[in-house]
Amino acid sequence: MFKGGLSSSFLIKGAHQKQCERVTMINLFAFLVEKFSLLCKLKVLFFGSAHAHERPTQLRGASSPPPPPPPPPLLQRGDLLEVPRTLFTHFGVYLGDDRVAHLIPDILPALTDDRRRLASVVTNGRLIAGCLCRRATVRVDSLEDFAYGSRILVNRADAGAGAGAGAGAGSAKRAKALPAEEVARRAEALLGSFPYSLLWNNCEHFVTHCRYGCAVSGQTERFCEFIKWVIRDRRSILVTGILGIISMLFCGLAASTTLPTILIPFTLWMAG
């Protein structure tokens, strides 16, 4: 009996140690990705809101606390909120009493059931790891945590495409906004973990589903339009051809260099 209890305790300690090592590796990888993005100073001009200008914000999880956000506008339960980030615009649904429901990438729910840790503010490490592992959660945060030092804007584009960044979302453009109380109830009903996709299931899909009944994202549509523009631009064929020739000159004639040099420009030519 004593040996059985001792062996089970060793198994529990071993599982806990493996979980800690896993969390450490994910945090390290997220830290490296974060520093690399800062080094490259990435700027994506086609992301953002048509009703809000983007500006750099302090990173989540930074050592110094974020600056206090500007005073929010007068909010009503069911309002659709947007916050400009560095590379995109983040969306949420106001629930009243200083609470916002929003979908955000987060790896922590896949690693622990500790409610105290899950309720803490999502750091950059948790967010990046959630994006890479395609895990997200619909959670309720305070206005301050939701804004994280940025300006909160109320999206009132009911006559447009749903969300502020959704100027090209045709299906939502024809949809009628639901009553504010219904919007808030739909957001509250979706609290919990969800699969995440940066393009096909993000925070904007969540709020447009709650407000209009159809999940669309103007940011995704503008990104896809940019990709189509790149494919249709004849200069892309020339650039990929030159890069392919350079790779053959430096790496030699091989299937790994010759086939892409031929197939990629040919595919762009046919798709253009």
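Residues numbered from 1 in each chain as written. Predicted model: local features only at pLDDT ≥ 70, side-chain atom pairs only at ≥ 80, totals over all residues. Heavy atoms only, no water.

K.L.:
Explanation requested: the overall build of the protein in the structure shown.
P.N.:
Of the regular secondary structure elements, the protein holds 10 helices and six strands. Counting across all 272 residues of the protein, residues that qualify as buried make up 38%. Sequence-distant contacts, at least 24 apart, represent 70% of the contacts inside the protein between residues at least 6 apart. (Helix = DSSP H or I, 4+ residues; strand = E, 2+ residues; numbered from the N terminus. Buried < 20%, exposed > 50% of the residue type's maximum accessible area, 1.4 Å probe, protein only. Contact = heavy atoms within 4.5 Å.)

K.L.:
It is not clear to me how the sheet that holds strand β3 (residues 99-105) should be interpreted in this structure. Could you clarify?
P.N.:
Neighbouring strands of a sheet are bound in pairs by backbone hydrogen bonds; such pairs are parallel or else antiparallel. The six strands lie next to each other as β5-β1-β2-β3-β4-β6, forming an open sheet whose pairing is antiparallel. Since the sheet does not close on itself, it has two edges, and those belong to β5 (153-155) and β6 (192-195), each with one partner. For this sheet, the mean inter-axis angle between neighbouring strands, taken without regard to orientation, is 35°. Direction of pairing for strand β1 (residues 80-84) relative to strand β2 (residues 89-96): antiparallel, over a ladder of five bridges. Looking at the pairing, V83 lines up with H90 of β2. Sitting on the sheet, helix α3 (residues 124-133) is in contact with β3 and β4 (135-142), with an inclination near 55° to β3. (Pairing = 2+ DSSP bridges. Axes fitted to C-alpha atoms, helices over the stretch in contact; angles between N-to-C directions.)

K.L.:
It is not clear to me how the pairing of β4 should be interpreted in this structure. Could you clarify?
P.N.:
Regular strands place their side chains on alternate faces of the sheet. Note: β3 against β4, seven bridges, orientation antiparallel. Residue pairing in the sheet places R99 in a bridge with S142 of β4. Taken together, the four bridges between β4 and β6 define a ladder with antiparallel strand orientation. Note on β6: the bridge partner recorded for A136 is F194.

K.L.:
Looking at this model, I keep getting lost on the pattern of salt bridges. Mind explaining?
P.N.:
Counting across every chain of the model gives eight salt bridges. Between E181 and R77 there is a salt bridge whose closest N-O contact spans 2.9 Å. With E181 in helix α6 (residues 180-189) and R77 in the loop between α1 (2-40) and β1, this residue pair connects regions lying 104 residues apart in the sequence. Judged by its relative accessible area of 36%, E181 falls in the partly exposed class. (Salt bridge = Lys/Arg side-chain N within 4 Å of Asp/Glu carboxyl O.)

K.L.:
Can you walk me through the packing of helix α9 (residues 234-251) against helix α10 (residues 255-271) in this structure?
P.N.:
Relative orientation and spacing of two packed helices are given, respectively, by the angle between their axes and the distance between those axes. Taken N-terminus to C-terminus, the directions of α9 and α10 make an angle of 175°; their axes are 9 Å apart at the nearest point. One finds that α9 runs roughly antiparallel with respect to α10. Residues R234, S236, I237, T240, G241, G244, I245, S247, M248 and C251 of α9 touch α10, and the partners they reach there are T257, T258, T261, I264, P265, L268 and W269. Residue composition of the contact of α9 with α10, grouped by class: eight nonpolar, eight polar and one charged. (Parallel < 35°, antiparallel > 145°, perpendicular 65-115°, else oblique. Nonpolar A, V, L, I, M, F, W, Y, C, P; charged D, E, K, R; others polar.)

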